[in-house]
Amino acid sequence: MSSGSGSLTRYILQRLLLIIPMIWVLLTLVFLLLRVAPGDPVTAAVGDKLSPEAIDARRAALGLDRPLIVQYLDYLGSVARFDFGTTLSDNRPVLAVIRDNGGATLSLTVGAFLIALLVGIPLGLLAGRKRDSAADVGIRLFGIFTYAAPVFWTGLLVILIAAPLGWPTFEIASPITKFEVQPVTHILLLDAIIAGNWDATIDVLKHHLLPCLTLGLLLAGVIIRLVRVNVLQALKGDYVEAARARGIPEKYVVRRHAFRNALVPVVTVVGLQVALTLSGAVLTESTFSWPGLGLELIDYITARDYAAVQGIVTFFAVVVVVVSLAVDVINAIVDPRVRY
(Lines give C-alpha, C1' and ligand atoms only; values in the text may rest on other atoms or scores of the structure.)
Protein backbone atom coordinates (compact mmCIF):
# COMPACT_ATOMS: atom_id res chain seq x y z
CA MET A 1 0.00 0.00 0.00
CA SER A 2 2.75 2.34 1.01
CA SER A 3 4.77 1.37 -2.06
CA GLY A 4 1.84 2.19 -4.33
CA SER A 5 1.31 5.58 -2.68
CA GLY A 6 5.01 6.40 -3.02
CA SER A 7 4.97 5.48 -6.69
CA LEU A 8 2.04 7.79 -7.31
CA THR A 9 3.74 10.64 -5.46
CA ARG A 10 6.92 10.15 -7.47
CA TYR A 11 4.93 10.07 -10.69
CA ILE A 12 3.15 13.33 -9.84
CA LEU A 13 6.46 15.00 -8.97
CA GLN A 14 7.95 13.85 -12.27
CA ARG A 15 4.99 15.26 -14.16
CA LEU A 16 5.28 18.54 -12.27
CA LEU A 17 8.96 18.81 -13.22
CA LEU A 18 8.15 18.03 -16.86
CA ILE A 19 5.86 21.06 -16.97
CA ILE A 20 8.86 23.39 -16.95
CA PRO A 21 10.42 22.22 -20.26
CA MET A 22 6.96 21.84 -21.83
CA ILE A 23 6.02 25.44 -21.05
CA TRP A 24 9.48 26.63 -22.10
CA VAL A 25 9.18 24.96 -25.52
CA LEU A 26 5.66 26.34 -26.02
CA LEU A 27 6.66 29.87 -25.01
CA THR A 28 9.71 29.74 -27.29
CA LEU A 29 7.57 28.63 -30.23
CA VAL A 30 5.01 31.36 -29.57
CA PHE A 31 7.75 34.00 -29.34
CA LEU A 32 9.58 32.89 -32.48
CA LEU A 33 6.47 32.41 -34.62
CA LEU A 34 5.24 35.92 -33.85
CA ARG A 35 8.69 37.43 -34.44
CA VAL A 36 9.05 35.89 -37.89
CA ALA A 37 5.73 37.44 -38.97
CA PRO A 38 6.41 40.16 -41.55
CA GLY A 39 6.24 43.83 -40.61
CA ASP A 40 6.72 45.84 -37.46
CA PRO A 41 4.06 45.17 -34.77
CA VAL A 42 3.64 48.82 -33.75
CA THR A 43 3.44 50.07 -37.33
CA ALA A 44 0.97 47.31 -38.21
CA ALA A 45 -1.27 48.05 -35.22
CA VAL A 46 -1.27 51.86 -34.99
CA GLY A 47 0.97 52.99 -37.88
CA ASP A 48 -1.77 55.04 -39.55
CA LYS A 49 -2.60 56.89 -36.34
CA LEU A 50 0.82 58.03 -35.09
CA SER A 51 3.74 60.02 -36.45
CA PRO A 52 7.07 58.21 -37.15
CA GLU A 53 8.54 59.75 -33.99
CA ALA A 54 5.63 58.55 -31.91
CA ILE A 55 5.96 55.06 -33.42
CA ASP A 56 9.67 54.97 -32.54
CA ALA A 57 8.87 56.10 -29.00
CA ARG A 58 6.20 53.39 -28.74
CA ARG A 59 8.62 50.72 -29.96
CA ALA A 60 11.20 51.85 -27.42
CA ALA A 61 8.63 51.82 -24.62
CA LEU A 62 7.66 48.25 -25.52
CA GLY A 63 11.30 47.17 -25.79
CA LEU A 64 10.98 46.21 -29.44
CA ASP A 65 14.16 48.13 -30.35
CA ARG A 66 16.30 45.89 -28.16
CA PRO A 67 18.17 42.76 -29.33
CA LEU A 68 15.97 39.72 -29.92
CA ILE A 69 17.60 37.67 -27.17
CA VAL A 70 16.88 40.45 -24.66
CA GLN A 71 13.25 40.58 -25.78
CA TYR A 72 13.06 36.78 -25.43
CA LEU A 73 14.45 36.76 -21.89
CA ASP A 74 12.19 39.65 -20.93
CA TYR A 75 9.21 37.74 -22.36
CA LEU A 76 10.04 34.62 -20.33
CA GLY A 77 10.49 36.71 -17.19
CA SER A 78 7.17 38.47 -17.72
CA VAL A 79 5.29 35.18 -18.16
CA ALA A 80 6.95 33.84 -14.99
CA ARG A 81 5.45 36.84 -13.19
CA PHE A 82 2.04 36.16 -14.84
CA ASP A 83 2.43 39.32 -16.89
CA PHE A 84 1.18 38.59 -20.42
CA GLY A 85 1.93 42.06 -21.75
CA THR A 86 -0.15 45.00 -22.97
CA THR A 87 -2.14 45.26 -26.17
CA LEU A 88 -0.93 47.71 -28.80
CA SER A 89 -4.23 48.67 -30.40
CA ASP A 90 -6.21 49.65 -27.27
CA ASN A 91 -3.44 49.73 -24.61
CA ARG A 92 -5.06 47.19 -22.26
CA PRO A 93 -3.21 44.67 -20.07
CA VAL A 94 -3.71 41.23 -21.57
CA LEU A 95 -4.61 39.98 -18.10
CA ALA A 96 -7.55 42.42 -18.12
CA VAL A 97 -8.64 41.01 -21.50
CA ILE A 98 -8.40 37.48 -20.06
CA ARG A 99 -10.34 38.54 -16.95
CA ASP A 100 -13.12 40.28 -18.88
CA ASN A 101 -13.53 37.71 -21.67
CA GLY A 102 -12.19 34.48 -20.19
CA GLY A 103 -15.39 33.82 -18.26
CA ALA A 104 -17.43 33.59 -21.46
CA THR A 105 -14.95 31.14 -22.99
CA LEU A 106 -14.86 29.12 -19.76
CA SER A 107 -18.65 28.79 -19.55
CA LEU A 108 -18.77 27.88 -23.25
CA THR A 109 -16.13 25.14 -22.96
CA VAL A 110 -17.57 23.71 -19.73
CA GLY A 111 -21.05 23.61 -21.25
CA ALA A 112 -19.68 21.99 -24.42
CA PHE A 113 -17.86 19.34 -22.37
CA LEU A 114 -21.02 18.54 -20.40
CA ILE A 115 -23.05 18.13 -23.60
CA ALA A 116 -20.28 16.03 -25.16
CA LEU A 117 -20.20 13.70 -22.15
CA LEU A 118 -24.00 13.48 -21.89
CA VAL A 119 -24.28 12.63 -25.60
CA GLY A 120 -21.05 10.72 -26.22
CA ILE A 121 -20.85 8.29 -23.29
CA PRO A 122 -24.40 6.82 -23.44
CA LEU A 123 -24.32 6.54 -27.24
CA GLY A 124 -20.84 4.99 -27.20
CA LEU A 125 -21.91 2.51 -24.53
CA LEU A 126 -25.07 1.59 -26.47
CA ALA A 127 -23.10 1.15 -29.71
CA GLY A 128 -20.61 -1.12 -27.91
CA ARG A 129 -23.37 -3.26 -26.42
CA LYS A 130 -25.32 -3.50 -29.70
CA ARG A 131 -22.35 -4.16 -31.97
CA ASP A 132 -23.17 -4.38 -35.72
CA SER A 133 -26.85 -3.66 -35.07
CA ALA A 134 -28.82 -0.88 -36.77
CA ALA A 135 -28.39 1.26 -33.66
CA ASP A 136 -24.62 0.71 -33.76
CA VAL A 137 -24.41 1.71 -37.42
CA GLY A 138 -26.57 4.79 -36.87
CA ILE A 139 -24.56 5.92 -33.84
CA ARG A 140 -21.25 5.40 -35.65
CA LEU A 141 -22.46 7.47 -38.60
CA PHE A 142 -23.66 10.17 -36.21
CA GLY A 143 -20.25 10.18 -34.50
CA ILE A 144 -18.38 10.46 -37.79
CA PHE A 145 -20.68 13.26 -38.97
CA THR A 146 -20.38 15.34 -35.81
CA TYR A 147 -16.59 14.95 -35.68
CA ALA A 148 -16.02 15.63 -39.39
CA ALA A 149 -18.44 18.55 -39.75
CA PRO A 150 -16.69 21.94 -39.40
CA VAL A 151 -17.72 23.81 -36.28
CA PHE A 152 -18.74 26.94 -38.16
CA TRP A 153 -20.89 24.87 -40.55
CA THR A 154 -22.64 23.10 -37.66
CA GLY A 155 -23.14 26.48 -35.99
CA LEU A 156 -24.73 28.01 -39.06
CA LEU A 157 -26.95 24.94 -39.43
CA VAL A 158 -28.30 25.15 -35.86
CA ILE A 159 -28.81 28.90 -36.28
CA LEU A 160 -30.92 28.28 -39.40
CA ILE A 161 -33.01 25.74 -37.46
CA ALA A 162 -33.36 27.71 -34.21
CA ALA A 163 -33.83 31.25 -35.54
CA PRO A 164 -37.39 30.69 -36.90
CA LEU A 165 -38.32 29.27 -33.49
CA GLY A 166 -37.34 32.52 -31.79
CA TRP A 167 -34.41 30.99 -29.90
CA PRO A 168 -31.43 33.31 -29.15
CA THR A 169 -28.75 32.74 -31.79
CA PHE A 170 -26.04 35.24 -30.91
CA GLU A 171 -24.37 36.97 -27.94
CA ILE A 172 -24.12 35.60 -24.39
CA ALA A 173 -27.27 37.33 -23.07
CA SER A 174 -29.85 39.94 -23.92
CA PRO A 175 -28.93 43.65 -23.46
CA ILE A 176 -31.28 43.86 -20.44
CA THR A 177 -29.52 40.97 -18.69
CA LYS A 178 -26.06 42.41 -19.35
CA PHE A 179 -27.25 45.75 -17.95
CA GLU A 180 -28.86 44.29 -14.82
CA VAL A 181 -26.18 41.76 -13.82
CA GLN A 182 -23.10 43.37 -12.34
CA PRO A 183 -19.78 41.55 -12.92
CA VAL A 184 -18.46 39.81 -9.83
CA THR A 185 -16.73 36.69 -11.10
CA HIS A 186 -16.85 37.85 -14.78
CA ILE A 187 -18.70 34.60 -15.51
CA LEU A 188 -22.12 35.93 -16.45
CA LEU A 189 -24.02 32.76 -15.54
CA LEU A 190 -22.49 32.65 -12.06
CA ASP A 191 -23.00 36.39 -11.58
CA ALA A 192 -26.69 36.06 -12.46
CA ILE A 193 -27.07 33.19 -9.96
CA ILE A 194 -25.19 35.11 -7.26
CA ALA A 195 -27.44 38.12 -7.85
CA GLY A 196 -30.50 35.89 -7.46
CA ASN A 197 -31.82 37.16 -10.78
CA TRP A 198 -33.51 34.02 -12.12
CA ASP A 199 -34.92 35.69 -15.23
CA ALA A 200 -31.37 36.67 -16.17
CA THR A 201 -30.12 33.15 -15.34
CA ILE A 202 -32.67 31.57 -17.67
CA ASP A 203 -31.84 34.12 -20.35
CA VAL A 204 -28.10 33.32 -20.09
CA LEU A 205 -28.77 29.57 -20.18
CA LYS A 206 -30.89 29.99 -23.32
CA HIS A 207 -28.07 31.90 -25.01
CA HIS A 208 -25.59 29.16 -23.99
CA LEU A 209 -27.52 26.29 -25.55
CA LEU A 210 -26.69 26.65 -29.24
CA PRO A 211 -22.98 27.53 -28.91
CA CYS A 212 -22.43 24.76 -26.32
CA LEU A 213 -24.36 22.27 -28.46
CA THR A 214 -22.34 23.17 -31.55
CA LEU A 215 -18.99 22.77 -29.82
CA GLY A 216 -20.17 19.80 -27.74
CA LEU A 217 -21.18 17.79 -30.82
CA LEU A 218 -17.64 18.12 -32.16
CA LEU A 219 -16.30 16.49 -28.99
CA ALA A 220 -19.14 13.98 -28.77
CA GLY A 221 -18.04 12.37 -32.03
CA VAL A 222 -14.63 11.60 -30.54
CA ILE A 223 -16.10 10.29 -27.29
CA ILE A 224 -18.65 8.05 -29.04
CA ARG A 225 -15.99 6.27 -31.06
CA LEU A 226 -13.62 5.99 -28.11
CA VAL A 227 -16.20 4.61 -25.67
CA ARG A 228 -17.51 2.13 -28.24
CA VAL A 229 -14.07 0.72 -29.04
CA ASN A 230 -13.05 0.40 -25.40
CA VAL A 231 -16.35 -1.21 -24.39
CA LEU A 232 -15.91 -3.77 -27.16
CA GLN A 233 -12.39 -4.55 -25.95
CA ALA A 234 -13.48 -4.72 -22.32
CA LEU A 235 -16.31 -7.12 -23.14
CA LYS A 236 -13.70 -9.59 -24.42
CA GLY A 237 -11.81 -9.57 -21.11
CA ASP A 238 -11.47 -12.66 -18.90
CA TYR A 239 -12.98 -10.84 -15.92
CA VAL A 240 -16.12 -10.15 -17.99
CA GLU A 241 -16.39 -13.81 -18.94
CA ALA A 242 -15.91 -14.73 -15.28
CA ALA A 243 -18.71 -12.35 -14.28
CA ARG A 244 -21.01 -13.89 -16.87
CA ALA A 245 -20.08 -17.39 -15.68
CA ARG A 246 -21.19 -16.41 -12.16
CA GLY A 247 -24.64 -15.68 -13.57
CA ILE A 248 -24.50 -11.90 -13.24
CA PRO A 249 -27.10 -10.28 -15.54
CA GLU A 250 -25.63 -8.84 -18.74
CA LYS A 251 -26.61 -5.25 -17.97
CA TYR A 252 -24.68 -5.39 -14.67
CA VAL A 253 -21.71 -7.03 -16.39
CA VAL A 254 -21.56 -4.17 -18.89
CA ARG A 255 -22.19 -1.40 -16.38
CA ARG A 256 -20.08 -2.54 -13.44
CA HIS A 257 -17.22 -4.35 -15.16
CA ALA A 258 -16.78 -3.49 -18.85
CA PHE A 259 -17.91 0.16 -18.72
CA ARG A 260 -15.76 1.18 -15.76
CA ASN A 261 -12.60 -0.23 -17.31
CA ALA A 262 -13.48 1.27 -20.67
CA LEU A 263 -13.58 4.74 -19.12
CA VAL A 264 -9.89 4.74 -18.13
CA PRO A 265 -8.49 5.60 -21.60
CA VAL A 266 -11.49 7.87 -22.19
CA VAL A 267 -10.36 10.11 -19.32
CA THR A 268 -6.98 10.60 -20.99
CA VAL A 269 -8.33 11.36 -24.46
CA VAL A 270 -11.11 13.62 -23.18
CA GLY A 271 -8.52 15.66 -21.31
CA LEU A 272 -6.42 15.98 -24.43
CA GLN A 273 -9.46 17.41 -26.24
CA VAL A 274 -8.99 20.67 -24.32
CA ALA A 275 -6.73 21.97 -27.08
CA LEU A 276 -9.34 20.96 -29.67
CA THR A 277 -12.01 22.67 -27.57
CA LEU A 278 -10.06 25.92 -27.41
CA SER A 279 -9.49 25.94 -31.17
CA GLY A 280 -13.17 25.10 -31.70
CA ALA A 281 -14.14 27.82 -29.25
CA VAL A 282 -12.47 30.43 -31.46
CA LEU A 283 -14.66 29.43 -34.42
CA THR A 284 -17.76 28.94 -32.27
CA GLU A 285 -17.42 32.37 -30.67
CA SER A 286 -16.98 33.94 -34.08
CA THR A 287 -20.09 32.18 -35.42
CA PHE A 288 -22.30 33.17 -32.47
CA SER A 289 -20.71 36.60 -31.73
CA TRP A 290 -19.75 35.14 -28.36
CA PRO A 291 -17.77 37.68 -26.28
CA GLY A 292 -15.00 35.29 -25.30
CA LEU A 293 -11.25 35.15 -25.70
CA GLY A 294 -11.52 33.51 -29.12
CA LEU A 295 -13.49 36.41 -30.57
CA GLU A 296 -11.07 38.87 -28.96
CA LEU A 297 -8.17 36.93 -30.47
CA ILE A 298 -9.66 37.20 -33.96
CA ASP A 299 -10.20 40.95 -33.48
CA TYR A 300 -6.58 41.43 -32.39
CA ILE A 301 -5.32 39.32 -35.30
CA THR A 302 -7.36 41.49 -37.66
CA ALA A 303 -5.86 44.59 -36.05
CA ARG A 304 -2.39 42.98 -36.36
CA ASP A 305 -1.88 43.53 -32.64
CA TYR A 306 0.94 41.03 -32.18
CA ALA A 307 1.43 41.83 -28.49
CA ALA A 308 -2.19 40.94 -27.71
CA VAL A 309 -2.03 37.80 -29.86
CA GLN A 310 1.19 36.73 -28.15
CA GLY A 311 -0.31 37.23 -24.69
CA ILE A 312 -3.57 35.39 -25.40
CA VAL A 313 -1.87 32.50 -27.22
CA THR A 314 0.61 32.20 -24.35
CA PHE A 315 -2.28 31.99 -21.90
CA PHE A 316 -3.95 29.27 -24.01
CA ALA A 317 -0.67 27.34 -24.12
CA VAL A 318 -0.28 27.47 -20.34
CA VAL A 319 -3.89 26.35 -19.86
CA VAL A 320 -3.37 23.34 -22.15
CA VAL A 321 -0.21 22.32 -20.24
CA VAL A 322 -1.90 22.64 -16.85
CA VAL A 323 -4.95 20.66 -17.99
CA SER A 324 -2.64 18.02 -19.45
CA LEU A 325 -0.98 17.69 -16.05
CA ALA A 326 -4.35 17.38 -14.31
CA VAL A 327 -5.43 14.67 -16.76
CA ASP A 328 -2.23 12.69 -16.18
CA VAL A 329 -2.69 12.86 -12.42
CA ILE A 330 -6.36 11.83 -12.62
CA ASN A 331 -5.46 9.01 -14.97
CA ALA A 332 -2.77 7.77 -12.58
CA ILE A 333 -5.23 7.84 -9.68
CA VAL A 334 -7.94 6.03 -11.67
CA ASP A 335 -5.59 3.46 -13.21
CA PRO A 336 -2.88 2.12 -10.82
CA ARG A 337 -1.03 0.66 -13.83
CA VAL A 338 -0.05 4.16 -14.92
CA ARG A 339 3.37 4.59 -13.31
CA TYR A 340 6.65 5.60 -14.89
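One structure accompanies this document, and this report is about it. (Residues numbered from 1 in each chain as written. Predicted model: local features only at pLDDT ≥ 70, side-chain atom pairs only at ≥ 80, totals over all residues. Heavy atoms only, no water.)

Side note on a nonpolar patch on the surface
For step 1, the next point in the chain: On the surface, Phe 145, Phe 152, Trp 153, Leu 156, Leu 157, Ile 161 and Leu 283 cluster together into a nonpolar patch covering about 670 Å² of accessible area.
For step 2, the next point in the chain: A total of 5 residues in the nonpolar patch trace back to one element, the largest contributor, which is helix 7 (residues 151-162).
For step 3, the next point in the chain: Within the fold, Leu 156 resides in helix 7. (Patch = residues over 30% accessible without salt bridge, like charges linked within 9 Å, V, L, I, M, F, W, Y side chains within 5 Å. Areas by Shrake-Rupley, 256 points an atom, 1.4 Å probe, with all protein chains shown as cover. Salt bridge = Lys/Arg side-chain N within 4 Å of Asp/Glu carboxyl O. Helix = DSSP H or I, 4+ residues; strand = E, 2+ residues; numbered from the N terminus.)

Describing the pattern of salt bridges
For step 1, the next point in the chain: Inspection of every chain in the model, using the stated rule, returns 9 salt bridges.
For step 2, the next point in the chain: The salt bridge involving Asp 100 is made with Arg 92; its shortest N-O contact spans 3.1 Å.
For step 3, the next point in the chain: For Asp 100, a relative accessible area of 32% corresponds to the partly exposed category.
For step 4, the next point in the chain: Under the relative-accessibility criterion, Arg 92 is labelled partly exposed at 23%.
For step 5, the next point in the chain: The partner of Asp 136 in a salt bridge is Arg 140, and the shortest N-O contact between them spans 3.6 Å. One end of the pair is Asp 136 and the other is Arg 140, both in helix 6 (residues 134-148) and 4 residues apart, which spans about a single turn.
For step 6, the next point in the chain: Owing to a relative accessible area of 35%, Arg 140 belongs among the partly exposed residues under this scheme. (Buried < 20%, exposed > 50% of the residue type's maximum accessible area, 1.4 Å probe, protein only.)

So, unusual backbone geometry
For step 1, the next point in the chain: Unusually for a residue other than glycine, Asn 91 sits at a positive phi of about 55 degrees.
For step 2, the next point in the chain: Tracing the backbone through its elements, the reader meets Asn 91 in the loop between helix 4 (68-80) and helix 5 (94-129).
For step 3, the next point in the chain: Relative accessible area serves as the criterion here: at 53%, Asn 91 is assigned to the exposed category.
For step 4, the next point in the chain: At His 186, a residue that is not glycine, the phi angle is positive and equals roughly 65 degrees.
For step 5, the next point in the chain: In this fold, His 186 is placed in the loop between helix 8 (175-180) and helix 9 (188-194).

Here's the deal with the packing of aromatic side chains
For step 1, the next point in the chain: Summed over all chains, the structure comprises 5 aromatic pairs.
For step 2, the next point in the chain: Geometrically, the ring pair formed by Phe 315 and Phe 316 is tilted, given 6.4 Å between the ring centres and 40 degrees between the ring planes.
For step 3, the next point in the chain: Here the aromatic cluster, defined as three or more aromatic residues joined through ring pairs, consists of Phe 31, Tyr 72 and Tyr 75. (Phe/Tyr/Trp six-rings, centres within 6.5 Å; stacked < 30°, edge-to-face > 60°.)

A look at the packing of helix 5 against helix 10 (residues 198-234)
For step 1, the next point in the chain: Put simply, helix 5 and helix 10 touch, their axes get as near as 5 Å, and they point 35 degrees apart. Of the two elements, helix 5 crosses helix 10, and the hand of that crossing is right-handed.
For step 2, the next point in the chain: Across the contact of helix 5 with helix 10, the residue classes tally to 22 nonpolar, 7 polar and 2 charged. (Axes fitted to C-alpha atoms, helices over the stretch in contact; angles between N-to-C directions. Left-handed = near helix turned anticlockwise from the far one by under 90°. Nonpolar A, V, L, I, M, F, W, Y, C, P; charged D, E, K, R; others polar.)

With respect to the packing of helix 6 against helix 10
For step 1, the next point in the chain: Running from N to C, helix 6 and helix 10 point in directions that differ by 140 degrees, and their axes come no closer than 7 Å. Put simply, helix 6 runs oblique to helix 10. Considering how the two elements wind past one another, helix 6 and helix 10 form a crossing that is left-handed. Contacts between helix 6 and helix 10 involve Asp 136, Ile 139, Arg 140, Phe 142, Gly 143, Ile 144, Thr 146 and Tyr 147 on the former and, on the latter, Leu 217, Leu 218, Gly 221, Val 222, Ile 224, Arg 225 and Arg 228.
For step 2, the next point in the chain: Tallied by class, residues from the contact of helix 6 with helix 10 come to 8 nonpolar, 3 polar and 4 charged. (Parallel < 35°, antiparallel > 145°, perpendicular 65-115°, else oblique. Contact = heavy atoms within 4.5 Å.)

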